[in-house]
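Chain and residue survey
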Amino acid sequence: SQQGEEDPQALSIQEGENATMNCSYKTSINNLQWYRQNSGRGLVHLILIRSNEREKHSGRLRVTLDTSKKSSSLLITASRAADTASYFCATFPRGYSTLTFGKGTMLLVSP
Amino acid sequence: DAGVIQSPRHEVTEMGQEVTLRCKPISGHNSLFWYRQTMMRGLELLIYFNNNVPIDDSGMPEDRFSAKMPNASFSTLKIQPSEPRDSAVYFCASSRQGGQEKLFFGSGTQLSVL
């Protein structure tokens, strides 16, 4: 099964609202990454958070990591129609050498 | 940087035919990944190369799939013979240091096997 599982599977909001997506994983990790995928395109890296970090910011993005609960969240503030995409979390488990992706959250931001 | 370059962008073939997907990673990146994406199974890692050497090919579905990386600037994923269930989007990605750093993805190859 997938190491990371995003929740919800789909999210529909209005422009200007905040969007929160969650990711849960099963085993200890070295880092956790969030990616965005626009329809018909490749994945684009958003943020990498290491296991010893609790929060990171990048522009309108805020990522938190709770290793005790094995969970992470991605917050997009003041969303825009251009944020419409699928968002994936990817974990780099300890003892492994590659990333494992979840199935993603589809975000729809309506004007 | 040109980014990760994949070709072809789209491939339509008939069952039983050989399919070859190509990837040029970003210059200076020593890790290369092949992923397959479907609605049912999401994004699956097929194979991971580090310094041109296959490190993890446990995700390769079966012997019909093979991947090579003859040099640091080129990799191929071959399916022979192809089957309808191989229809998917195949992505190539590269990074400086495996999964420890961010991955850069190509635009993918949309494969349809009829």
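Quick caveat, the model's predicted, so the values are computed rather than measured.

1. Examining the overall build of chain A
- A count of helical and extended segments in chain A gives 0 helices and 11 strands.
- Along chain A, helices and strands appear, N-terminal first, in the series β-β-β-β-β-β-β-β-β-β-β.
- Its C-alpha radius of gyration of 13 Å places chain A within 12% of the 13 Å reference for a compact globule of 111 residues.
- With the C-alpha coordinates of chain A rotated into their principal frame, the extents come out at 45 × 25 × 20 Å.
- Long-range pairs, those at least 24 residues apart, make up 56% of the contacts in chain A between residues at least 6 apart in sequence.
- If you sum the accessible surface of chain A, you get close to 5300 Å²; carbon and sulfur atoms cover 46% of it.
- Taken together, the 13 basic and 9 acidic charged side chains of chain A have centroids lying 7 Å from each other.

2. Brief notes about the overall build of chain B
- Of the regular secondary structure elements, chain B holds 0 helices and 11 strands.
- The N-to-C order of helical and strand elements in chain B reads β-β-β-β-β-β-β-β-β-β-β.
- In terms of overall dimensions, chain B is globule-like: its C-alpha atoms have a radius of gyration of 13 Å, near the 13 Å expected for 114 residues.
- Structurally, chain B occupies a C-alpha span of about 35 × 25 × 25 Å along its principal axes.
- Here chain B, with 114 residues, has 46% of them falling under the buried criterion.
- Partitioning the contacts of chain B with sequence separation of at least 6, the portion at a separation of at least 24 is 54%.

3. Some points on the interface of chain A and chain B
- Counting residues at the interface gives 19 residues for chain A and 22 residues for chain B.
- Taking both partners together, chain A and chain B bury about 1500 Å²; carbon and sulfur atoms supply 52% of that area.
- Of all residues in chain A, Leu43, Thr98 and Phe101 of chain A bury the most surface against chain B, accounting for 28% of the area lost on that side.
- Linking chain A with chain B are 1 salt bridge, by the criterion used here.
- Taking the shortest distance from any N to any O, the salt bridge between arginine 50 of chain A and glutamate 101 of chain B comes out at 3.6 Å.
- Between chain A and chain B we count 5 residue pairs in polar contact (both at pLDDT 80 or more) in total.
- Every element with two or more residues in the side of chain A that touches chain B is listed here: β4 (29-37), β5 (43-50) and β9 (85-93) of chain A.

4. Quick look at the sheet that holds strand β1 (residues 4-7) of chain A
Residues and elements named next belong to chain A.
- Reading across the sheet, the 5 strands line up as β1-β3-β8-β7-β6 and stay open at both edges, with antiparallel pairing between neighbours. Either end of the sheet is taken by a strand with one partner, and the two such strands are β1 and β6 (55-58). Neighbour to neighbour, the strand axes of the sheet diverge by 15° on average, direction disregarded.
- One ladder, built from 4 bridges, connects β1 with strand β3 (residues 19-25); its direction is antiparallel. Looking at β3, one finds that glutamate 5 is bridged to serine 24.

Definitions and cut-offs
- Residues numbered from 1 in each chain as written.
- Chains lettered and ligands numbered in written order.
- Predicted model: local features only at pLDDT ≥ 70, side-chain atom pairs only at ≥ 80, totals over all residues.
- Heavy atoms only, no water.
- Helix = DSSP H or I, 4+ residues; strand = E, 2+ residues; numbered from the N terminus.
- Rg over C-alpha atoms; globule rule 2.2 N^0.38 Å.
- Contact = heavy atoms within 4.5 Å.
- Areas by Shrake-Rupley, 256 points an atom, 1.4 Å probe, with all protein chains shown as cover.
- Lys, Arg positive; Asp, Glu negative; His and termini not counted.
- Charge placed at Lys NZ, Arg CZ, Asp CG, Glu CD.
- Buried < 20%, exposed > 50% of the residue type's maximum accessible area, 1.4 Å probe, protein only.
- Buried area = accessible area lost by both parts, 1.4 Å probe.
- Salt bridge = Lys/Arg side-chain N within 4 Å of Asp/Glu carboxyl O.
- Polar contact = N/O pair within 3.5 Å; in protein donor to acceptor, adjacent residues only side chain to side chain.
- Pairing = 2+ DSSP bridges.
- Axes fitted to C-alpha atoms, helices over the stretch in contact; angles between N-to-C directions.

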